[in-house]
Amino acid sequence: MMLETSAVAAEALIPPRATSERVRTLLTYTALLAISALFFVPFLWAVSTSFKTLPQTAYFHLLPHPWTMAPYREALSKFNFALYMRNSAFLAAVITASNVFLAGLGGYAFARLRFPGREVLFLLVLSTLMMPDQLRMVPVFVMLTNWHLVNSFASYILISLVTAGNLFFMRQYFLTIPKDFEEAAKLDGAGYFKTFWRVMLPLAGPAIAAVTILQFQGVWNDFFWPNLLLQDTAHYVLTTGLAQFVFQYQTQWNDLMAASLIAIAPIVLLFIFFQRYFISGVVSAGVKG
Amino acid sequence: MRTIATRLRPGKRGAATVGGARLREALVGYAFVLLPMAVFGVFFLYPIGYAIYISFFDWGIYGKIASVGTHNYHYLFHDHVFGLALKNTLFFTFTVVPIQMALGLAMAIVVNQKIRGRAFFRSAFYFPSLTSSAAITAIAIFILNADGLLNKIVGGHTPWFENESTALWSIVGLISWTTSGTMMLFYLAALQSIPTDVYEAAAIDNTGTWRTFWKITFPLLKPAHFFVAVVSVIGAMKVFDQAFIVSHGTGGPNNSTMTMVLYLYRTAIYDVHFGRAAAMGVLLLVIIMAFTLIQRIAFGRPEVQ
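Only a predicted model underlies this, so the values are computations on that prediction, with no experimental measurement involved. Throughout, a residue's number is its position along its own chain's written sequence, starting from 1. All chains are assigned letters beginning at A, and all ligands numbers beginning at 1, according to the order in which they are written. Where totals are concerned, whole chains, interfaces and linings use all residues; where local detail is concerned, this predicted model gives features only for residues with pLDDT of at least 70, and gives and counts side-chain atom pairs only at 80 or more.

Next up on the list: the domain arrangement of chain B. Residue and element names in this part refer to chain B. Domain parsing of chain B yields domain 1 (15-67) and domain 2 (77-299). Note that domain bounds follow an automatic or database assignment of domains. Using only C-alpha atoms to locate each centre, domain 1 and domain 2 end up separated by 34 Å. C-beta atoms are first placed from the backbone for all residues, and any pair lying within 7 Å is then listed as a contact. At the interface, 9 residues of domain 1 touch 7 residues of domain 2. Counting residues per element, the ones that place at least two in the side of domain 1 that touches domain 2 are helix 2 (18-54) and strand 1 (57-60). The secondary structure listing takes helices from DSSP runs of H or I that are at least 4 residues long and strands from runs of E that are at least 2 residues long, numbered from the N terminus.

This paragraph deals with the interface of chain A and chain B. With 75 residues of chain A at the contact, the number on the chain B side is 72 residues. Ranked by residue count, the leading element in the side of chain A that touches chain B is helix 14 (residues 253-288) of chain A, at 15 residues. In this classification, the charged set is Asp, Glu, Lys and Arg, the nonpolar set is Ala, Val, Leu, Ile, Met, Phe, Trp, Tyr, Cys and Pro, and all remaining amino acids, among them Gly, are polar. When grouped by side-chain class, the residues that make up the side of chain A that touches chain B number 58 nonpolar, 13 polar and 4 charged.

Here the focus is unusual backbone geometry. In this structure, the amide linkage connecting H65(A) to the following residue, P66(A), adopts the cis form with an omega of 0°. Counting through the fold element by element, P66(A) comes out in the loop between helix 2 (19-50) and helix 3 (70-78). Following G252(B), the chain continues into P253(B) via a peptide bond in cis, with omega recorded as 0°. Among the structural elements, P253(B) can be located in the loop between helix 12 (241-246) and helix 13 (260-270). Of note in the backbone geometry, H148(A) takes a positive phi value of approximately 55° without being a glycine. Inspection of the secondary structure puts H148(A) in the loop between helix 6 (133-146) and helix 7 (153-159). Partly exposed residues are those whose C-beta has more than 12 but fewer than 20 other C-beta atoms within 10 Å; 20 or more makes a residue buried and 12 or fewer makes it exposed, with C-beta atoms placed from the backbone. A count of 10 C-beta atoms within 10 Å places H148(A) in the exposed class. A positive phi angle is found at V272(B), which is not glycine, with a value near 50°. One can find V272(B) in the loop between helix 13 and helix 14 (274-299).

Our next topic: helix 8 (residues 167-192) of chain B. In this scheme, a helix's expected span is set at 1.5 Å multiplied by one less than its residue total. In a regular helix each residue adds 1.5 Å, so 26 residues correspond to 38 Å; helix 8 of chain B covers 38 Å between its end C-alpha atoms and thus fits that length. Two axes enter the definition of the bend at a residue: one is fitted to the seven residues ending there, the other to the seven starting there, and the bend is the angle between them. Of all the bends in helix 8 of chain B, the greatest measures close to 40° and is centred on T179(B).

Turning to the confidence of the model for chain B, a few remarks are in order. Residue and element names in this part refer to chain B. The predictor reports its confidence for every residue as pLDDT, a score running from 0 up to 100. Looking at chain B, pLDDT values average 87 and 93% of them are 70 or higher. Low pLDDT, under 50, characterises residues 1-15; the stretch is placed with 19 contacts to residues that sit more than four places away or in other chains. Taken over the whole predicted complex, pTM reads 0.87, whereas the ipTM for its chain interfaces reads 0.86.

Okay, the environment of P219(B) next. Of note, P219(B) is situated in helix 10 (residues 209-220). Remark: the alpha-carbon pair of P219(B) and T182(B), spanning 37 residues in sequence, is separated by 21 Å.

One nonpolar core equals one set of buried Ala, Val, Leu, Ile, Met, Phe, Trp, Tyr and Cys residues connected by C-beta atoms within 7 Å. Counting residues in each nonpolar core, the largest one holds 163 residues, and the members touching the most others are V138(A), L242(A), A259(A) and Y187(B). Top element by residues in this core is helix 14 of chain A. It accounts for 14 residues. The contact partners of V138(A), leaving out residues within four places of it in the chain, are A51(B), I54(B), A268(B), F274(B), A277(B), A278(B) and G281(B).

Written out as structure tokens, the structure reads:
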């Protein structure tokens, strides 16, 4: 049905052309809708299931009958996803803030300030970009165990204070800002930190937006480090809480889908409002990194 | 004299001479990079050396037990499960990478056409890449369970993740679904940087669509192929979350979902053999570096634009 309408619409829009052209348009839309369906159906099925009662989940009905909010209440009260969500939000907020500040500060210094050894230090930063987290897993775990930090939020925050990728990204952006602004600030008698804080950071808005969104998403979605460093129930985050739920109550599908959608929703909302920054962030982080 | 000094002064609190200003700038520079460099030093660079060091010891929860030379490496080379983990990881890499590249490129080409609703389709294809591995794996477990949606559609009763012969393939499908969108964005950026006059020339020569793609677009995307291949291979070699969650951390059934990182994790956390786990991390790094080098040779040096 939808396919027909879009094909007709496309035909109405485009002046008559060769049949091959029309066949191509039709094929393109067929492929597009087929892939979209493939990508969306699992999510739609999850949404529908999250509004069903448990006995209903065994049947092949797309629409719940009757609708129920119980799975969401269960997930948030009985299964403590409210706590996991608070933990996730806290960690994502703290780590994102520290990344914006430290990557901005370091990125500004590497972009603008001249000091001996700058190139060597910057090469060191770049070399950490290549390093897989899995290599540092054992030594970092041993260090944090020795410092009695495992099972505390401090462990995860410490190892994530700033990433080389973010610093590199901020530096590249600062390089594109004309020097006139800083010189004006200097004439006004502003010190280096004030210039950075009052002049450069506000000018780097789009870069900060990209770092904020991607870093927040990264922490919110991270499973590897919380699974390693935050193993007690009081410190579970949404991702590790979900995994534990799968291990213990795998077949309570409606509650599991509600919990999964609670975990996904904030990032989807962010994406809807800040799509531009998501896409430019992913692409520039990729192309330059 | 006084006026000259005032003029050279960058600010009220600035140093009195050019040399002083330079020194001040350098000191501020060091101060600004101090904290980031400390984080990189302590939590990224030092751990590389420390990992190699630990890999030469029998190392438990209370630290060093004994120096064992290269025994941890010898052990791994003769370890049946490590062999399986390596085999699974390589199998996974050689299936996921081509699928991701082909799907990513196909989707990028489609949403790069002048069609209606291309922003919608771009978002739709990218959508699964937004979600956390844990949430998407939970949804996949639901869809692929013995009574799940997929079995209702195909009319079977296979527990996809709990069946030795389908478990790894199911993870291949899951990850292809959730990461191709990111590869699409990389390809899309590369496609949009191809100058349009190249295509205009092809149109004048009356070159067909299919031929234009294979003779012009595909070769021009060489740097993008290299980049996507490297990113995709590194991601595939590190696969962990999905295997951990679907197998409840066991790598089962019968080690069919045991990946290198999952085995590394189990060795460190469940068996508390930090030395052996560190050795695995070092081997993983060596393999990833070897792959990157091979790809660099295969695709040639990425051209400077």
